[in-house]
Amino acid sequence: MTSHSNSGAPRRFPVVIVGAGPAGLTVGNILRAAGVDCLVLEAETRAFIEQRPRAGVIEEWAVRGLQRRGLADTLLARAQLHTECEFRFAGERFRFGYGELTGQHHFVYPQPLLVTDLVHEYADARGGEIRFGVQDVRLHDLETSRPSVSYTDADTGERQLVECEFVAGCDGARGVSRTVLPETTHIARHDYGIGWLALLAEAPPSSDCVLFGIHPNGFAGHMARSPEVTRYYLECPPGDDPENWSHDRIWAELHQRLGADGTPPLTEGPLIEKRVLDMHNYVVEPMTYGRLFLAGDSAHLTAPIAAKGMNLALHDAFLLGDALVAHLGKDDGSGLDGYSEACLRRVWDYQEFSQWLSEVYHGTSSGDEYRAGTTFARLRRLFTSPAAAAAFAEQYLGTAAAY
Ligand code: RFL
């Protein structure tokens, strides 16, 4: 048994939230707006999480969900709106106007800005408690009605124990929450066997929309992040060393894979991030264990192929935050009972879309002529069949009426 050095009795909060990413901060903000006390425990510093570059594409339903909870003022003032994307293959460009088909947009707003807004609202405006730089977080007695969480405090180096009624496990893909699940929890995994070199270039976007380059050398992607910074991706072998990719090699591949008739050359710039992501997914079922409720990447990972991860994290957080408020307010406990199932319907739908899109991106570079042939058939169908286009747009924006 670990000894704890709390001065006096352990502190008590109705909810302890592990992780201050989009999921944890959104749950915290929903609880604070309803007057529910909670404590957020975050392993990194505030400055670190406010700068960690990651996602940028947010679906309209997710933005409206943030807006309804008073969390989207800055986003709505600053985000870019996108209504089209462009596929480039076989030397040609094909614009896909998903806004016209769905009446909805994508919002482009870098994840660090969203995290900055959410921390500010939680800690500075709504008076929520948060500890940064905590170490060795441990979860206790989750299968009882009096769980607790312990951690080492960054300032004092002492172990602290916090008692609670619920733990929200929002600590991402490498957190502690998933590691305490019992063997009866199912974790379904999928490995694409593909790597992506993820790049951030200090260069303005070279197009007014997202570009997907489908090329025999491998997939390439272009996504605006801000007027000064652009995210690029290059398919590469899984586990590849980023140092194999020199500045010149990267830009030569980007020009080649994203090149198409009648398009201006890409605007080059210094590369401020360069790392290899191995494309793999997992889904935890159920997303709960006793008094522990997982949300976001701790419960399910979707490789950035379809830009879905942060959107799913927000969806979980809306459902979990609302269900906890209802339960703790004694209105209703049914939201917590149905939480996992309600999240997983959208999660599995997005997983399937990711898999479908992965084949479109990577089929032509697989070296398999059969897969290359079916990839081109999928792409042609998008631009010849209104029914196929409508289905793609619905999945790309997450606009289905029900999941
Ligand atoms: P996060 O954001 O990882 O936050 C988890 C937090 O928990 C902390 N933590 C701990 N704290 C205390 N104790 C521990 N033991 C802890 N272990 C971890 C971490 O420091 C962190 O602050 O998870 P969350 O909130 O679930 O949010 C998920 C999203 O961050 C993720 O799905 C997206 O970034 C995925 N993603 C994208 N999603 C989109 O919807 N649209 C996109 O355009 C998009 N682009 C991307 C992406 C992910 C990428 N990478 C890096 C994999 C682009 C990239 C390159």
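Use the structure listed above.
Please read these numbers as outputs of a predicted model, since none were measured by experiment.

Colleague: Quick question: what am I supposed to make of the overall build of the protein here?
Modeller: What the protein contains, in helices and strands, is 12 helices and 19 strands. Scaling as 2.2 N^0.38, a compact globule of 403 residues should have a C-alpha radius of gyration of about 22 Å, and the protein matches this with 22 Å. Along the longest, intermediate and shortest principal axes, the C-alpha atoms of the protein span 70 × 45 × 45 Å. The proportion of buried residues among the 403 residues of the protein is 53%.

Colleague: I'm lost on the sheet that holds strand E3 (residues 57–59) in this one. Help?
Modeller: Strands belonging to one sheet form pairs held by backbone hydrogen bonds; the direction of such a pair is parallel or antiparallel. Taken in spatial order, the three strands make up an open sheet running E3-E7-E4, and their pairing is antiparallel. Either end of the sheet is taken by a strand with one partner, and the two such strands are E3 and strand E4 (80–82). The mean angle between the axes of side-by-side strands here comes to 35°, regardless of whether they run parallel or antiparallel. Of the pairings in the sheet, the one linking E4 to strand E7 (residues 106–108) comprises three bridges and is antiparallel in character. The partner of His82 across the bridge, within E7, is His106.

Colleague: Explain the packing of helix H1 (residues 22–33) against helix H6 (residues 111–125) to me, please; I cannot follow it from the model alone.
Modeller: Each packed pair of helices is defined by two parameters, the angle between the axes and the distance between the axes. Look at H1 against H6: their axes get within 9 Å of each other, and the N-to-C directions meet at 30°. Here H6 runs roughly parallel to H1, going by the angle between their axes. Considering how the two elements wind past one another, H1 and H6 form a crossing that is left-handed. On the side of H1, the interface is formed by Pro22, Leu25, Thr26, Gly28, Asn29 and Arg32, while H6 contributes Gln111, Val115, Leu118, Val119, Glu121 and Tyr122.

Colleague: For this particular structure, what's the right way to read the sheet that holds strand E15 (residues 230–236)?
Modeller: Strand order in the open sheet made by the eight strands is E6-E5-E13-E14-E15-E12-E16-E19, with mixed pairing throughout. In this open sheet, the two strands that pair with only one neighbour each are strand E6 (92–96) and strand E19 (300–301). Helix H10 (residues 339–362) rests against strand E12 (186–201), strand E13 (210–214), E15, strand E16 (271–285) and E19 of the sheet, and its axis sits at about 130° to E16. Lying over the sheet, helix H11 (residues 369–384) contacts strand E5 (85–89), E6 and E13, oriented at roughly 140° with respect to E5.

Colleague: Any chance you could explain helix H7 (residues 247–257) here in plain terms?
Modeller: An α-helix turns once every 3.6 residues. As a result, residues three or four positions apart point the same way. By the burial criterion, the buried members of H7 are Ile250, Trp251, Glu253, Leu254 and Arg257. Buried residues along H7 cover an arc of 160° about the axis, so they all sit on one side. Elements that come into contact with the buried residues of H7 comprise E12, E13, strand E14 (220–224), E15 and E16.

Cut-off values and rules
- Residues numbered from 1 in each chain as written.
- Predicted model: local features only at pLDDT ≥ 70, side-chain atom pairs only at ≥ 80, totals over all residues.
- Heavy atoms only, no water.
- Helix = DSSP H or I, 4+ residues; strand = E, 2+ residues; numbered from the N terminus.
- Rg over C-alpha atoms; globule rule 2.2 N^0.38 Å.
- Buried < 20%, exposed > 50% of the residue type's maximum accessible area, 1.4 Å probe, protein only.
- Pairing = 2+ DSSP bridges.
- Axes fitted to C-alpha atoms, helices over the stretch in contact; angles between N-to-C directions.
- Parallel < 35°, antiparallel > 145°, perpendicular 65-115°, else oblique.
- Left-handed = near helix turned anticlockwise from the far one by under 90°.
- Contact = heavy atoms within 4.5 Å.
- Arc of directions from axis to C-beta.

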